[in-house]
Amino acid sequence: MTAPPTPAVPDAAIRLTGLQKTYAAAGQVPAKHALKGIDLAIPRGAIFGLLGPNGAGKSTLINILAGLVNKSAGRVEIWGYDQDVNPRQSRAAIGVMPQELNIDPFFTPRASLEVQAGLYGVAPRDRWTDEILALVGLTAQAESYTRQLSGGMKRRLLLAKALVHRPRILVLDEPTAGVDIALRQMLWDNVRALNAQGMTIILTTHYLEEAEEMCDEIAIIDHGTLVVRDRTAALLARADSKTLVIDTGGWAGAVPTLPDGVSIERRADGRLALSYAPVRVQADRVIDSLRGAGVPIVDVVIEQPDLQDVFLSLTGSR
Ligand code: ADP
Ligand code: MG
């Protein structure tokens, strides 16, 4: 039987169906059911965030995509190619920057990229080594020994290696964990530029503000199970509470009655904090009722829930 034809442009960059992974027991370490049946489609062109607490299974999932870990069950399609049916095409479609540094210390960055390109069967005339070196800011170090590079430069080289075969999908596993601000900025600039050229980006990160800022869509996994998957904005809206913090200029009158669903407290600094669910109550009604009660409004600050709140409420951990 031949494989079904693959669309030139698939509807999803990645499609996972019932993906499971059980690591076998080894010595004292018991078997671990690290992925318990993940169904997930990642749209083309997205910057997609894969979040979850430590040990959730993020790296396992990514390493399966990368072909570094064998899945135990389920289906993995990369750019429309079933990983088991079309291993070569599915591998060619994806580039992975792993969480662990795995760089040969005796190669120069240039040689590392050339070797990597060779592994992916990229013909010499199709290589773009110099452009990649420039992109990640390693042009000056192109001929240095990798063992002489700083940790940050090694991470840049990891990103560079993921790009040699011009993958349609770039996967970054905790790319900014423990890196300095300059490198983090460089990574995000690169990611945005590559995405603007049409590359689908999948990243895991511990930094929720970063995911909130970078990612169009987010999936949260916990204990090997997909907890939620939604557009970032929709996810934030799920934390269904907003707080209006009102500076009354020292007003000390009795706290007025407010519409149903609004709770009010006076903070230690004298400001009034009104919390409400935006799906049920509108901010202007809250403000109107304060005005109606004669409360002076000198200044208003809106405190929004952030991804951390959503994350905690869904996973119960940080
Ligand atoms: P994350 O990247 O979300 O922190 P991982 O995918 O690294 O999570 O790990 C998921 C679970 O699988 C953890 O309990 C981890 O200890 C376990 N695990 C990861 N790799 C292995 C391995 N090679 N052998 C056995 N267990 C593993
Ligand atoms: Mg990990």
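Criteria and cut-off values
- Residues numbered from 1 in each chain as written.
- Chains lettered and ligands numbered in written order.
- Predicted model: local features only at pLDDT ≥ 70, side-chain atom pairs only at ≥ 80, totals over all residues.
- Heavy atoms only, no water.
- Donors = N, O, S within 2.8 Å, 3.2 Å for Na, K, Ca; no water.
- Helix = DSSP H or I, 4+ residues; strand = E, 2+ residues; numbered from the N terminus.
- Buried < 20%, exposed > 50% of the residue type's maximum accessible area, 1.4 Å probe, protein only.
- Patch = residues over 30% accessible without salt bridge, like charges linked within 9 Å, V, L, I, M, F, W, Y side chains within 5 Å.
- Areas by Shrake-Rupley, 256 points an atom, 1.4 Å probe, with all protein chains shown as cover.
- Salt bridge = Lys/Arg side-chain N within 4 Å of Asp/Glu carboxyl O.
- Pairing = 2+ DSSP bridges.
- Axes fitted to C-alpha atoms, helices over the stretch in contact; angles between N-to-C directions.
- Parallel < 35°, antiparallel > 145°, perpendicular 65-115°, else oblique.
- Left-handed = near helix turned anticlockwise from the far one by under 90°.
- Contact = heavy atoms within 4.5 Å.
- Nonpolar A, V, L, I, M, F, W, Y, C, P; charged D, E, K, R; others polar.
- Near = heavy atom within 4 Å.
- Polar contact = N/O pair within 3.5 Å; in protein donor to acceptor, adjacent residues only side chain to side chain.
- Core = buried A, V, L, I, M, F, W, Y, C linked by side-chain atoms within 4.5 Å.

A. Examining the coordination of the magnesium ion (ligand 2) more closely. Here the magnesium ion (ligand 2) is held by the protein donor atoms Ser59 (OG) and Gln99 (OE1), which lie 2.1 to 2.4 Å from it. You can see Ser59 sitting in helix α1 (residues 58–65) and its partner Gln99 sitting in the loop between β6 (94–97) and α3 (109–119), a full 40 residues away along the chain. A relative accessible area of 23% means that Ser59 is categorised as partly exposed.

B. Quick peek at a nonpolar patch on the surface. On the surface, Phe107, Val115 and Leu119 cluster together into a nonpolar patch covering about 260 Å² of accessible area. Among the secondary structure elements, Leu119 is positioned in helix α3. When its relative accessible area of 59% is taken as the criterion, Leu119 is described as exposed.

C. Here's a closer look at the sheet that holds β6. Ordered by their spatial adjacency, six strands build an open sheet running β6-β7-β8-β3-β9-β10, and the pairing between neighbours is mixed. Of all strands in the sheet, those bounded by a partner on one side alone are β6 and β10 (225–231). Between one strand axis and the next, the sheet turns through 15 degrees on average, direction left out of account. The pairing of strand β9 (residues 217–222) with β10 spans six bridges and is antiparallel. Bridge pairing in β10 places Ala219 opposite Arg229.

D. Expanded view of unusual backbone geometry. Located in the positive-phi region is Trp79, a residue other than glycine, with phi close to 50 degrees. Relative to the elements of secondary structure, Trp79 occurs in the loop between β4 (73–78) and β5 (81–82). The buried category is assigned to Trp79, whose relative accessible area is 8%. Unlike most non-glycine residues, His223 shows phi in positive territory, near 45 degrees. Looking at where His223 falls in the secondary structure, it is placed in the loop between β9 and β10. A residue is classified by how much of its surface remains accessible, and His223, at 56% relative accessible area, is exposed.

E. Examining the packing of α3 against helix α5 (residues 151–163) more closely. Two elements in contact, α3 and α5, have axes whose closest approach is 9 Å; the angle formed by their N-to-C orientations is 30 degrees. What the angle tells us is that α3 and α5 run roughly parallel. Here α3 runs over α5; the crossing is right-handed. Residue-level contacts link Pro109, Ser112, Leu113 and Gln116 of α3 to Leu157, Ala160 and Lys161 of α5. Classifying every residue of the contact of α3 with α5 by side-chain character gives four nonpolar, two polar and one charged.

F. View of the site of ligand 1. Taken together, Tyr23, Lys32, Ala34, Pro53, Asn54, Gly55, Ala56, Gly57, Lys58, Ser59 and Thr60 form the complete shell of residues around ligand 1. Within the backbone of Gly57, a nitrogen or oxygen atom sits 2.9 Å from an oxygen atom of ligand 1. At 2.9 Å from an oxygen atom of ligand 1 is found a main-chain nitrogen or oxygen belonging to Ser59. Relative to its unbound accessible area of 560 Å², ligand 1 is 63% covered by the protein chains. For the shell around ligand 1, the leading source of residues is α1, giving three residues. Residues that form the shell around ligand 1 fall into these classes: four nonpolar, five polar and two charged.

G. Molecular detail of the sheet that holds strand β1 (residues 12–23). Taken together, four strands build an open sheet; the order of strands is β2-β1-β4-β5 and the sheet is antiparallel. Only two strands of the sheet have a single neighbouring strand rather than two, namely β2 (32–43) and β5. Sheet contacts for α1: β1, β2 and β4; angle to β1, the most-contacted strand, approximately 115 degrees.

H. Expanded view of the nonpolar core. With 45 residues, the main nonpolar core has Leu159, Leu170, Ile201 and Leu307 as its most contacted residues. For Ile201, the contacting residues outside a window of four places in its chain are Ala46, Ile47, Phe48, Leu170, Leu172, Val191, Leu194 and Asn195. If you look at the next biggest cluster of nonpolar residues, it comprises 27 residues, including Ile14, Leu19, Ile38 and Ile202.

I. Looking closely at the pattern of salt bridges. Applying the stated rule across the entire model yields 13 salt bridges. Residue Glu143 is joined to Arg110 by a salt bridge in which the shortest nitrogen-to-oxygen separation is 2.8 Å. Of this pair, Glu143 sits in the loop between α4 (129–135) and α5 while Arg110 sits in helix α3, placing them 33 residues apart in sequence. Overall, the relative accessible area of 53% leaves Glu143 in the exposed class. A relative accessible area of 26% means that Arg110 is categorised as partly exposed. Across the pair Glu210 and Arg184 runs a salt bridge, and its minimum N-O distance is 3.5 Å. Here the residue Glu210 occupies a position in helix α7 (residues 208–214), and Arg184 occupies one in helix α6 (residues 181–196), the gap between them amounting to 26 residues. Sharing partners across several salt bridges, the network here consists of Arg75, Glu77 and Asp82.

None of the figures reported here should be taken as evidence of function without further support.
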